[in-house]
Amino acid sequence: MLYEKYKCFKSIFFVQHHFFIIMELTRENYNETAKELLTFLQNSPSCFHAVKNVVDMLTAAGFTEVKEEESWKLEAGGRYFVTRNQSSVIAFKVPGKDFKGFQIIASHSDSPTFKIKENPEMEAAHCIKLNVEKYGGMICAPWFDRPLSIAGRLVVSEGSRLVSKLVNVDRDLVMIPNLAIHMNRQVNDGYAYNAQKDMLPVFGSLEAKGTFMSLIAEAAGVKEEDILGHDLFLYNRQPGTIWGADETFLSCGRLDDLQCAFSSVKAVIEGENSSSISVAAIFDNEEVGSGTKQGADSTFLKDVLERINDSLGRTREQYLMAVPSSFMISADNAHAVHPNHADVADPTNRPAINEGIVIKYNANQKYTTDAVSAAVFKALCKKVQVPVQTFTNRSDIAGGSTLGNISNAHVSLNTVDIGLPQFAMHSPYETAGVKDTCYLIKAATEFFNSCIVAEGNGNYSLGE
Ligand code: ZN
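Residues numbered from 1 in each chain as written. Predicted model: local features only at pLDDT ≥ 70, side-chain atom pairs only at ≥ 80, totals over all residues. Heavy atoms only, no water.

Caption draft 1: Quick look at the sheet that holds strand β11 (residues 241–243). If you walk across this open sheet you meet the 3 strands as β11-β12-β20, and the pairing is antiparallel. Edge positions in the sheet fall to β11 and β20 (430–433), since each of these pairs with one other strand and no more. Within the sheet, the average angular offset between the axes of one strand and its neighbour, ignoring direction, is 30°. In the sheet, strand β12 (residues 249–252) pairs with β20 via 4 bridges, with the strands oriented antiparallel. Bridged to Ser-251 within β20 is Thr-431. Strand contacts of helix α6 (residues 255–270): β12 and β20, with the helix running at about 35° to β20, the strand carrying the most contacts. (Pairing = 2+ DSSP bridges. Helix = DSSP H or I, 4+ residues; strand = E, 2+ residues; numbered from the N terminus. Axes fitted to C-alpha atoms, helices over the stretch in contact; angles between N-to-C directions. Contact = heavy atoms within 4.5 Å.)

Structure (structure tokens):
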């Protein structure tokens, strides 16, 4: 609703556009955005569902699908999207043929979870349990003792065709029960979870034997015998919530990184400028190293940028001139200082929830941020009064990596690594702040509204 209002302002009174952009965030508008984010997260139990929901947002905003397998005829003023593997999507807006570069926000669609193996049913202790394996690096403990379910995609035979279908068993279906403390007195002293022994979810009594695939088929509305392939994952059933004495926190599964993905899509729908291609890229498989055909370590982004260039009748040299004139925001959530573990945070760079967008730094360039890209991003945020914070790891603790440096190996351009501050990263129930999504939407929209012109040697001009 907030952005509907904004759209009206923008079309009716162009001059009011900046007034709206810089006006103070109110509790009413950030709560509205927080609720919208929670709905998006709950409707996105797998990376396939997340991309489907992004595609729906883009389609409703007038974006047209172009397919990698077909010829592209792009037009000035056009808005487009392309998907790969149903789990990665790139949306872009074309101002015209004479663009200077690309302004890109990258994020990821996947989250750590457990994947259902082939032939998953196992009989044990009067129960049927499911054989699963880890997808990504999760915190195991919070997966226990809570209703879980299963979502993902199926590939189904339809005559001579093989067709992909999304499936979500939308009910409390499985559970991973803890072992009683009486049988493991040391559990609170730290426990090494064995993925093959401890993490297998209970599916039903012995009565449920042989029913797993028929239950999945029924949920997808297909015949069991027609299912030839599946990518199915566990997800947490606990609904998202806004909580705290002053309703300041927001918790749900998959905040990392759907909070950034959602914000980037909102921004690419609202923002645009006359000198560059606005791009929102959401990649799958970040949590397992990005090295798949649809991950950030694939040719997906490069292929799309080259095809935009080519289909507008531009030369190879024009593409090679456009890339160094481009800018990327690699947006992946960041760690807020934990109230019970403040000592593991860096002594001087200490992000807090609801205090703005986090710029991430790392001397070894696990994060791409440098003086130039940090300056560009800070200048953008300052223009719309969005607060920024900084993150580095303690010098004696190794951190994670993300999309920016991996993507830069394929398309090399000035990049800043940022994220929204959160607790409990890689838990199936993560916590962030109600205000921060609005901050990122605001800054990202300003990014797409600005003409960021590289003058070479780290010099930039930020125009309207
Ligand atoms: Zn992430």
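Caption draft 2: Structural detail: the nonpolar core. Counting 59 residues, the largest nonpolar core has Leu-58, Ile-329, Ile-357 and Ile-418 as the members making the most contacts within it. Leaving out residues up to four positions away in the same chain, Ile-329 has contacts with Ile-104, Ile-105, Ala-106, Phe-377, Val-416, Ile-418 and Phe-447. (Core = buried A, V, L, I, M, F, W, Y, C linked by side-chain atoms within 4.5 Å. Buried < 20%, exposed > 50% of the residue type's maximum accessible area, 1.4 Å probe, protein only.)

Caption draft 3: How the structure looks around helix α9 (residues 371–383). When the terminal C-alpha atoms of α9 are compared, their 18 Å separation across 13 residues agrees well with the 18 Å that a helix rising 1.5 Å per residue should span. Taken together, the buried positions of α9 are Ser-373, Ala-374, Val-376, Phe-377, Leu-380 and Cys-381. Viewed end-on, α9 has its buried residues packed into an arc of 160°, placing them on one side of the element. More than 90 degrees from the buried face of α9, the exposed residues found are Ala-371 and Lys-382. Looking one or two places after α9, you find Gln-385, whose phi comes out positive at around 55°. (Expected span 1.5 Å × (residues − 1). Arc of directions from axis to C-beta.)

Caption draft 4: Here's a closer look at the side chain of His-426. Inspection of the secondary structure puts His-426 in the loop between β19 (421–422) and β20. Under the relative-accessibility criterion, His-426 is labelled buried at 17%. Reaching out from His-426, the side chain makes a polar contact with the side chain of Asp-256 at a distance of 3.0 Å. Once you skip the residues sitting within four places of it in the chain, His-426 turns out to touch Pro-112, Gly-137, Met-138, Ile-139, Asp-256 and Glu-287. (Polar contact = N/O pair within 3.5 Å; in protein donor to acceptor, adjacent residues only side chain to side chain.)

Caption draft 5: Structural detail: the packing of helix α3 (residues 27–42) against α6. Where α3 meets α6, the axes come as close as 10 Å, and the angle between the chain directions of the two elements is 120°. One element, α3, and the other, α6, form an angle in the oblique class. Classified by chirality, the crossing of α6 by α3 is right-handed. The residues of α6 that touch α3, namely those facing Glu-36, Leu-37, Phe-40 and Leu-41, are Leu-255, Leu-258, Gln-259, Phe-262 and Lys-266. Residue classes in the contact of α3 with α6 are distributed as 6 nonpolar, 1 polar and 2 charged. (Parallel < 35°, antiparallel > 145°, perpendicular 65-115°, else oblique. Left-handed = near helix turned anticlockwise from the far one by under 90°. Nonpolar A, V, L, I, M, F, W, Y, C, P; charged D, E, K, R; others polar.)

Caption draft 6: Broad picture of the packing of aromatic side chains. This model, assessed by the stated rule, comprises 16 aromatic pairs. Here the aromatic rings of Phe-114 and Trp-143 are separated by 5.3 Å at their centres, their planes lie at 90°, and the arrangement is edge-to-face. Placement of the pair is Phe-114 in strand β5 (residues 113–124) and Trp-143 in the loop between β6 (127–135) and β7 (148–158), with a sequence separation of 29 residues. Grouping aromatic residues by their ring pairs yields a cluster made of Phe-327, Phe-447, Phe-448 and Tyr-460. When the ring centre of Trp-72 is taken as reference, the NZ or CZ atom of Arg-307 above it lies at 4.2 Å. Sitting over the ring of Phe-99, Arg-314 keeps its end group 3.6 Å from the ring centre. (Phe/Tyr/Trp six-rings, centres within 6.5 Å; stacked < 30°, edge-to-face > 60°. Lys NZ or Arg CZ within 6 Å of the ring centre and 35° of its normal.)

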